[in-house]
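Coordinate inspection notes
Each chain is listed here by its residues.
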Amino acid sequence: VDNFRPLTDCKDAGIITLAQKNAIDTLYRAGECEDLAASMLFEATELENQSFRAVADFEEQRYKVSEIWYRLGAAEKSLDEKREVLGAAHRGSSKKPELELKAAEKHHRAVAEDYDRETARKNRLWEEVERIWARSAEVNLLVAEQRSRGKRVRKEAEALFATADEAKLKCKELRAATESA
């Protein structure tokens with residue numbers, strides 16, 4: 001059974017015309033755009049929550065790196081002092097300043113390695129924050145695009161419904177004129 005007939009076939013006003021079918025299909029497309037926008041909005045919200053956690057992790061790591069930087073400064077100062085003591089001790093014959101200098105150098109190297117490692121981790125965390133923000137911005141733009149598309153398609157559907165109603169009305173007028181003739 002063919003439920004969709006062209007506009008020129010006005011036998012039965014109860015049957016959905018092709019124009020009405022197109023309007024309904026267009027309305028469904030508008031709904032799909034709106035559904036997609038809602039789905040993307042959920043993703044955008046999830047990304048926003050991820051970014052808050054990522055920024056918090058970054059800030060915690062930034063604080064940790066700052067603490068290590070202070071320790072590195074203290075280790076450098078201690079190393080410089082040990083070098084000065086060793087320079088002055090060369091006049092004497094004590095081995096203690098040399099041992100203290102080697103220990104200070106070892107400590108400085110360890111703190112510097114710790115600083116480099118934690119700074120690299122901090123930088124990776126910041127890259128993750130930026131990646132999340134970029135994806136969030138992209139998704140928010142896509143949400144706006146789908147909402148706009150949904151509104152535009154919905155207007156198109158409304159115009160198609162109006163055209164279908166006009167055609168239906170014209171069919172009724174033609175039928176009435178044909179029956180009265």
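Within each chain, residues carry numbers counting from 1 in the order of the written sequence. The predicted origin of the model limits local features to residues at a pLDDT of at least 70 and limits the giving and counting of side-chain atom pairs to 80 or more, whereas totals for whole chains, interfaces and linings rest on all residues. In computing side-chain properties, one takes all heavy atoms of the structure into account and sets aside hydrogens as well as water.

**With respect to the overall build of the protein chain**
We count a stretch as a helix when DSSP gives it H or I for four or more residues in a row; a strand needs E for two or more, and each element gets its number in order from the N terminus. Assigned secondary structure in the protein chain consists of two helices and zero strands. A simple rule labels every residue: compare its accessible area, found with a 1.4 Å probe on the protein chains alone, to the largest value its type can have, and call it buried under 20%, exposed over 50%, or partly exposed in between. Taking all 181 residues of the protein chain together, 27% fall into the buried category. Contacts between residues were defined by any pair of non-hydrogen atoms, one from each residue, lying within 4.5 Å. When contacts within the protein chain are restricted to residue pairs at least 6 apart in sequence, those whose partners lie at least 24 apart make up 80%. Only the protein chains shown count as cover for residues, and all accessible areas are computed by the Shrake-Rupley method using a 1.4 Å probe. Carbon and sulfur atoms form 55% of the exposed surface of the protein chain, whose accessible area is close to 12700 Å².

**Observations regarding the packing of aromatic side chains**
Each Phe, Tyr or Trp ring (for Trp, its six-membered ring) is paired with any other whose centre lies within 6.5 Å, and the angle between the two planes then decides the class: stacked below 30 degrees, edge-to-face above 60, tilted in between. Under the definition given, this model contains three aromatic pairs. With a centroid separation of 5.5 Å and 85 degrees between ring planes, the pair formed by tryptophan 126 and tryptophan 133 is classed as edge-to-face. We classify tryptophan 126 as partly exposed; its relative accessible area is 30%. Each residue in the set Phe58, Trp126 and Trp133 is aromatic and connected to the rest through ring pairs, giving one cluster.

**Overview of the side chain of serine 136**
Within the secondary structure layout, serine 136 lies in helix 2 (residues 96-180). Each residue touching serine 136, except ones within four places of it in the same chain, is listed here: Ala44, Leu47 and Glu48.

**Some remarks on the nonpolar core**
In this description, a nonpolar core means a group of buried Ala, Val, Leu, Ile, Met, Phe, Trp, Tyr and Cys residues linked to one another through side-chain atoms lying within 4.5 Å. In terms of nonpolar packing, the biggest core is built from ten residues, these being Met40, Ala44, Leu47, Ala54, Phe58, Leu125, Val129, Ile132, Val139 and Val143. At the level of secondary structure, the elements contributing two or more residues to this core comprise helix 1 (18-89) and helix 2. If we skip the residues at most four places from it in the chain, valine 139 touches Met40, Glu43, Ala44 and Leu47.

**Comments concerning the pattern of salt bridges**
Should their charged atoms come close, side chains of opposite charge can pair. Any Lys or Arg side-chain nitrogen located within 4 Å of an Asp or Glu carboxyl oxygen qualifies as a salt bridge. Applying the stated criterion across every chain, the model contains 16 salt bridges. A salt bridge links arginine 29 to glutamate 156; the shortest N-O distance between them is 3.9 Å. Placement of arginine 29 in helix 1 and of glutamate 156 in helix 2 is noted, with a sequence separation of 127 residues between them. Look at arginine 29 and you get partly exposed, because its relative accessible area is 39%. When the shortest N-O distance is used, the salt bridge between aspartate 114 and arginine 71 registers 3.4 Å. Of this pair, aspartate 114 sits in helix 2 while arginine 71 sits in helix 1, and the two are 43 residues apart along the sequence.

**Some points on the side chain of glutamine 146**
The residue glutamine 146 is located in helix 2 in this model. Among all residues touching glutamine 146, those that are not within four sequence positions of it are Cys33, Leu36, Ala37 and Met40.

**Comments concerning the environment of aspartate 35**
Tracing the sequence through the fold places aspartate 35 in helix 1. Once the C-alpha coordinates of aspartate 35 and glutamine 146 are considered, the two residues, 111 residues apart in sequence, prove to be 8.8 Å apart.

**Focus: the confidence of the model for the protein chain**
The pLDDT averaged across the protein chain works out to 87; a share of 88% of its residues lies at or above 70. Note that pLDDT drops below 50 for residues 1-8; the model gives that stretch 14 contacts with residues more than four away or on any other chain. A residue's pLDDT is simply how confident the predictor is in it, with values from 0 to 100.

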